[in-house]
Structures are given as structure tokens and as C-alpha cells.
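Topology and contacts: notes
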Amino acid sequence: MQTVFVGEYIKRRRKELKLTQEKVCEGICDPTTLSRIENGHQTPSKTKINALLQRLGLPDSCYYAITSKNELEIETLKKEIVGCHITERVEEGFDQLEKLREITAEDDLLTKQFILRSQVLLGREKGIYSLQEQIDLLMQAIRLTIPKFELEEISRFLYTFDEIKIINQIALCYSDLEQRVTVLSIYQQLLKYIRSHNQEVIITGNGLLPLVLHNYARELGLSKHYKECIQTAQEGQDICIRYGHYQFLPGFIAIMAECYFFCGDAEKSKAYYLQAYYTYLSLKDKIGMEEVRKEAKERLNLDFKS
């Protein structure tokens, strides 16, 4: 088995993409540090290595890294905070965020970015921040690592997975503000970036492409671009099946059911509502089942048997 040092791995990929050290490492470390990493003279934290690999469109699960006690504590707290958000334990989540702040170094911009993003996610559950306040906090978060970031020029920069998630969150806020043109522009730019840069890693890794496709399709439906919405949802459905991202699958099917209804094709709408309902049932997603059941009843007088 060939052994390749992570610095060599990064350097090789960066040169393949014809990228400068400055562009790759912006907001993560300074170019001198990246040069030392590439030449094997410095070993950075696992968090920084992950970020560099993600920006280069490389998988971050193919190397071994030794972590310090502090890094391990930070990663543990991050997982607990994510868990608090998923299970809606908001107060506990904010307590864990405070613990994370206390052990985060002043120059650890990646962890500071995670804290801001999580603050918005947890606050969103309880309505702590207005939509504009959420946007401001998220823009502050992404500009920690990409100081010149602008929504109108998304393709100018390289992104980590967390940075892509932040852009997605900003788009969701604008969607709630019903600023459809802005939202569609954000998702179009984001999809262009993913497809041209590191689509395969994002699909097979943590499912960011299905997430973005789902939210884009939803926004196309809200904007009454039904034909494009169906095409986007179909693409998302195919990716879910091919790569096993089943958590998004019934959502894509439900979007197609809704679009066919508004296009006047009741038979196709009925077929997709049935698929969506029973896919949610197989995933034991009671909230999704109820939403589909209610929509299908109101629109098509359709009942389900579970």
C-alpha cells in the first residue's frame, strides 16, 4: 500500500486545479502555513486539514490524524450541539455553545464560524432572531473565513462543507422573506459551484447536493416554475436512489406531486402523492406522512391506507 502524506496530497490537488495557496487557505490559515503543511514541515489541526481538503474537492475521510485533547473536546461539543438542534433541545444547545466558546482559541476561525451558524440554527427554533438578524449573523459567520464573500459572486470562492451549509441557510432566510429572485439566484450559483468543483465528494459524503437540490426545487415550485421544478426534483430523486440519501427522497416525490397538480395533471399528481406517502411511511416519518396526507386530501380528495 502506498503512503501519501496529507501535505503532498493537498499540494498535488491544488496544482491540478491551478489554484494559488492564497485562494485555497483564505480564512483557514496563512499561505506560509499552507506551504509548510504541503512540504511536511508542519502538522495542522484535524479541523484545518478537513477544511483544506473540502475546498479542494477531496474526501476528508481518507487520512489518519492524531488530535490533541482540546481538539477532541471541541469535536465532542460540536456533535452534542448538532444533536441538540436535531432533537430541538435549544436551551441545552446554547449551554453547550457557551462551553465551546470558552475553549475556542482566538485564531480558530472555523470553530467560531460553527458557533455562529449553530447559534442561528438553535435560535431559529425558538424565534429568538428576526430573519434579517439571522442573515446578518450568517453573513458574519461566512466572512470569518471568506472576508470578501458576496451573495452575487458565489462562484468566486472555494468552500468547505460548513460554508456551503451557511449559504444554504442564508437562502432559506430569504425564502421566508419571500424574496424569490434572490433565493433562486443563490441556489443557481451554489449548484453551479457544486457541479463544477466537487460534486462527487459532496454527493457521496454528506449529501449536500441533494439538500441544495431539494431546497432549490421547493423554491422553484413556490415561484411557479413548475416544469423546471419537476426536472430538478427528478434529478434529486435519482441521486437519492443512486447514492442512498433516502432522507430526502420522499420530499422530492412530494414536490413532483404538488407540481403536477398545479400543472393540471391529476393522475400523475395522485401517483406521486401515493409514492411520497408510503415512502415517508417506510422511513417512519410521521410529520412528512401527515403533510402529504393533508395536501392530497385537500387537492385530490385522496385517502391513504397504512
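Preceding this section is the structure that the text describes.
The sections below set out a description of the structure shown in this document. (Residues numbered from 1 in each chain as written. Predicted model: local features only at pLDDT ≥ 70, side-chain atom pairs only at ≥ 80, totals over all residues. Heavy atoms only, no water.)

Re the overall build of the protein
Tallying secondary structure elements over the protein gives 16 helices and zero strands in all. In terms of overall size, the protein behaves like a compact globule, its C-alpha atoms giving a radius of gyration of 21 Å where 306 residues would be expected to give roughly 19 Å. Based on the C-alpha atoms only, the size of the protein along its principal axes is roughly 65 × 45 × 40 Å. The 306 residues of the protein split such that 48% are buried. Long-range pairs, those at least 24 residues apart, make up 60% of the contacts in the protein between residues at least 6 apart in sequence. Taking the 41 positively charged and 44 negatively charged side chains of the protein as two groups, their mean positions are separated by 4 Å. (Helix = DSSP H or I, 4+ residues; strand = E, 2+ residues; numbered from the N terminus. Rg over C-alpha atoms; globule rule 2.2 N^0.38 Å. Buried < 20%, exposed > 50% of the residue type's maximum accessible area, 1.4 Å probe, protein only. Contact = heavy atoms within 4.5 Å. Lys, Arg positive; Asp, Glu negative; His and termini not counted. Charge placed at Lys NZ, Arg CZ, Asp CG, Glu CD.)

With respect to a nonpolar patch on the surface
Judged by side-chain polarity, Ile-241, Tyr-246 and Leu-283 come together as a nonpolar surface patch covering roughly 280 Å² of accessible area. Mapped onto the fold, Leu-283 is located in the loop between helix H15 (266–282) and helix H16 (286–300). (Patch = residues over 30% accessible without salt bridge, like charges linked within 9 Å, V, L, I, M, F, W, Y side chains within 5 Å. Areas by Shrake-Rupley, 256 points an atom, 1.4 Å probe, with all protein chains shown as cover. Salt bridge = Lys/Arg side-chain N within 4 Å of Asp/Glu carboxyl O.)

Structural notes on the pattern of salt bridges
Summed over the entire model, instances satisfying the criterion amount to 18 salt bridges. A salt bridge links Arg-13 to Glu-16, with the nearest nitrogen and oxygen atoms 3.8 Å apart. Here Glu-16 and Arg-13 lie together in helix H1 (residues 6–16), a separation of three residues that amounts to about one turn. Judged by relative accessible area, which is 53%, Glu-16 ranks as exposed. Arg-117 is the partner of Asp-162 in a salt bridge, and the nearest nitrogen-oxygen pair spans 3.3 Å. Pair noted here: Asp-162 is in helix H9 (residues 161–176) and Arg-117 is in helix H7 (residues 109–126), with a separation of 45 residues, a long-range link. Among the residues examined, Arg-117 registers a relative accessible area of 9% and is labelled buried. Through salt bridges that share partners, Arg-180, Arg-218 and Glu-219 make up one connected network.

A few points about the side chain of Arg-55
Along the chain, the position of Arg-55 falls in helix H4 (residues 46–55). Among the residues examined, Arg-55 registers a relative accessible area of 1% and is labelled buried. Among the polar contacts listed, one links the side chain of Arg-55 to the backbone oxygen of Glu-26, at a separation of 2.5 Å. (Polar contact = N/O pair within 3.5 Å; in protein donor to acceptor, adjacent residues only side chain to side chain.)

Structural notes on the nonpolar core
If you look at the biggest cluster of nonpolar residues, it comprises 80 residues, and the most contacted ones within it are Phe-149 and Tyr-159. Ranked by residue count, the leading element in this core is helix H14 (residues 249–262), at nine residues. Look past the residues within four positions of Phe-149 in its chain and what remains in contact with it is Met-139, Ile-142, Arg-143, Ile-154, Phe-157, Tyr-159 and Ile-167. (Core = buried A, V, L, I, M, F, W, Y, C linked by side-chain atoms within 4.5 Å.)

Things to note about helix H8 (residues 131–145)
Each turn of an α-helix holds 3.6 residues, which means side chains three or four residues apart point in the same direction. Given a rise of 1.5 Å per residue, 15 residues ought to cover 21 Å, and the 22 Å separating the end C-alpha atoms of H8 matches this to within 8%. Where H8 is buried, its residues meet H4, H7 and H9. (Expected span 1.5 Å × (residues − 1).)

Focus on the packing of H9 against helix H10 (residues 180–197)
It is the contact of H9 with H10, at a shortest axis distance of 8 Å, that shows an interaxial angle of 160 degrees. The orientation of H9 relative to H10 falls into the category roughly antiparallel. The crossing of H9 and H10 is left-handed. Together, Ile-164, Ile-167, Asn-168, Ile-170, Ala-171, Leu-172, Tyr-174 and Ser-175 of H9 and Arg-180, Thr-182, Val-183, Ile-186, Tyr-187, Leu-190 and Tyr-193 of H10 make up the contact between the two elements. Along the lines of polarity and charge, the residues of the contact of H9 with H10 split into eleven nonpolar, three polar and one charged. (Axes fitted to C-alpha atoms, helices over the stretch in contact; angles between N-to-C directions. Parallel < 35°, antiparallel > 145°, perpendicular 65-115°, else oblique. Left-handed = near helix turned anticlockwise from the far one by under 90°. Nonpolar A, V, L, I, M, F, W, Y, C, P; charged D, E, K, R; others polar.)

A word on the packing of H15 against H16
Working note: a packed helix pair is described by the angle between its axes plus the distance between those axes. Viewed as axis vectors pointing N to C, H15 and H16 meet at an angle of 160 degrees, and their least axial separation amounts to 9 Å. With respect to their mutual orientation, H15 and H16 come out roughly antiparallel. Handedness of the crossing formed by H15 with H16: left-handed. Contact residues: Ala-266, Ser-269, Lys-270, Tyr-273, Ala-276, Tyr-277, Tyr-280 and Leu-281 in H15; Gly-288, Met-289, Val-292, Arg-293, Glu-295, Ala-296, Arg-299 and Leu-300 in H16. Its residues assigned to classes, the contact of H15 with H16 shows ten nonpolar, two polar and four charged.

Remember, this is a structural readout, not a statement about activity or role.
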